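Here is what each chain is made of, one letter per residue.
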Amino acid sequence: KIFPSHLSFNNILNPNCYSSKLFFNNYCAGVVFSLCILAFTGIYYTLVNISGFYIAYPQLDLNQMLTYNPFDLDLIVVYLITSGIFSSFSSILPFVLLILLFYLLTSSKVISIFTASTLFSIKGALDTDPMFLGSIYLFIVGIASGYMLFRYGILSLFVSAFSVLVLSDIFLYFYTSQ
């Protein structure tokens, strides 16, 4: 076996795994990791503000949100959940596949995590003004995500990506004063 059993998609889709201690521990690890990423994101934005560079802060997409009935809270929650699931899968799957491909080629976890994090940090920081600050931020998050992948499995990485996306949107809703 090349990968541990908790990395397989078979265990994610198996209903018996949802009641196991491993599932609960991986889920909790994903939530804790997402809170750490949110704290690190706050530190990153503070450093960018102090350095004097301009960066486009995340904003609510009111066009998409208001296509639903703004007075129906259930539809807004459904929108948050579905957009969080889609965004987490679209951001995590290429990263995980690249790490696992490098791991199959090199048989080294360190080299595969480092290489995938470097590639994704350069790609993801192209829209920021100080590209080197964005690259450093994404590289550190990528290294930590690679560790989470090999230590706790793909489920904790999906939970953390989903939690970061949804919690960051929820924090933005607090600033709308509505």
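In case you missed it, the structure is sitting above this.
About the criteria used
Residues numbered from 1 in each chain as written. Predicted model: local features only at pLDDT ≥ 70, side-chain atom pairs only at ≥ 80, totals over all residues. Heavy atoms only, no water. Axes fitted to C-alpha atoms, helices over the stretch in contact; angles between N-to-C directions. Helix = DSSP H or I, 4+ residues; strand = E, 2+ residues; numbered from the N terminus. Parallel < 35°, antiparallel > 145°, perpendicular 65-115°, else oblique. Contact = heavy atoms within 4.5 Å. Nonpolar A, V, L, I, M, F, W, Y, C, P; charged D, E, K, R; others polar. Phe/Tyr/Trp six-rings, centres within 6.5 Å; stacked < 30°, edge-to-face > 60°. Buried < 20%, exposed > 50% of the residue type's maximum accessible area, 1.4 Å probe, protein only. Lys NZ or Arg CZ within 6 Å of the ring centre and 35° of its normal. Polar contact = N/O pair within 3.5 Å; in protein donor to acceptor, adjacent residues only side chain to side chain. Patch = residues over 30% accessible without salt bridge, like charges linked within 9 Å, V, L, I, M, F, W, Y side chains within 5 Å. Areas by Shrake-Rupley, 256 points an atom, 1.4 Å probe, with all protein chains shown as cover. Salt bridge = Lys/Arg side-chain N within 4 Å of Asp/Glu carboxyl O. Core = buried A, V, L, I, M, F, W, Y, C linked by side-chain atoms within 4.5 Å. Left-handed = near helix turned anticlockwise from the far one by under 90°.

Q: Before we move on, could you go through the packing of helix α6 (residues 131-152) against helix α7 (residues 154-174) and cite the residues and values that matter?
A: For any two helices packed against each other, one specifies the crossing angle of their axes together with the interaxial distance. Running from N to C, α6 and α7 cross one another at 140°; their axes reach a closest spacing of 7 Å. In terms of orientation, α6 and α7 fall into the oblique class. Of the residues in α7, those touching α6 at Ser145, Met148, Leu149 and Tyr152 are Ile154, Ser156 and Leu157. Grouping the amino acids of the contact of α6 with α7 by side-chain chemistry returns 5 nonpolar, 2 polar and no charged.

Q: Any chance you could break down the packing of aromatic side chains for me, citing the residues and the numbers?
A: Counted under the stated rule, the structure contains 7 aromatic pairs. Taking 5.4 Å as the distance between ring centres and 50° as the angle between the ring planes, the aromatic pair formed by Tyr44 and Tyr45 counts as tilted. Relative accessible area serves as the criterion here: at 9%, Tyr44 is assigned to the buried category. Accessibility expressed as a relative area gives 22% for Tyr45, which makes it partly exposed. Ring geometry for Tyr103 against Phe150: centres 5.2 Å apart, planes inclined by 55°, an arrangement best described as tilted. On the criterion of sequence distance, the pair formed by Tyr103 in helix α4 (residues 73-106) and Phe150 in helix α6 is long-range, its members being 47 residues apart. For the pair shown, Tyr103 and Phe150 are each scored as buried. Ring pairs connect the aromatic residues Phe40, Tyr44, Tyr45 and Tyr137, which therefore count as one cluster. Between Arg151 and the ring centre of Tyr152, over which it is positioned, the NZ or CZ distance is 4.9 Å.

Q: Break down the environment of Ser168 for me, citing the residues and quoting the values.
A: Within the secondary structure, Ser168 is located in helix α7. Spatially, the C-alpha atoms of Ser168 and Leu38 are 7.7 Å apart, while their sequence positions differ by 130 residues. In terms of polar contacts, Ser168 uses its side chain to reach the backbone carbonyl oxygen of Val164, at 2.9 Å.

Q: Please provide a residue-by-residue account of unusual backbone geometry, values included.
A: One non-glycine residue with positive phi stands out, namely Ser107, at about 60°. By the element assignment, Ser107 lies in the loop between α4 and α5 (109-124).

Q: Run through a nonpolar patch on the surface, naming residues and quoting values.
A: On the surface, a cluster of nonpolar side chains totalling about 380 Å² of accessible area is made up of Phe53, Phe132, Ile136 and Ile140. Turning to its location among the elements, Ile136 is positioned in helix α6. Judged by its relative accessible area of 46%, Ile136 is partly exposed.

Q: Any chance you could break down the side chain of Ser156 for me, citing the residues and the numbers?
A: Here Ser156 lies in helix α7. Given a relative accessible area of 0%, Ser156 falls into the buried group. A distance of 3.0 Å separates a polar atom in the side chain of Ser156 from the backbone oxygen of Gly153. Discounting residues that sit within four places of it in the chain, Ser156 has contacts with Asn26, Gly30 and Met148.

Q: Break down the nonpolar core for me, with residues and values.
A: Residues Val96, Ile99, Leu149 and Leu157 are the most contacted members of the largest nonpolar core, which totals 26 residues. Among the elements of the structure, α2 (21-51), α4, α5, α6 and α7 are those that each provide at least two residues to this core. With 8 residues, α4 is the largest single contributor of residues to this core. Apart from the residues lying within four places of it in its own chain, the contact partners of Leu157 are Phe33, Ile92, Val96, Ser145, Met148 and Leu149.

Q: Which residues make up the packing of α2 against α7, and what values go with them?
A: It is at 7 Å that the axes of α2 and α7 come closest, and there the two elements cross at 40°. Classed by the angle they form, the pair α2 and α7 counts as oblique. Between α2 and α7 the crossing geometry is right-handed. Each of Phe23, Asn26, Tyr27, Gly30, Val31, Phe33, Ser34, Leu35, Ile37 and Leu38 in α2 lies in contact with α7, whose residues at this interface are Leu155, Ser156, Leu157, Val159, Ser160, Ser163, Val164, Leu167, Ser168 and Phe171.

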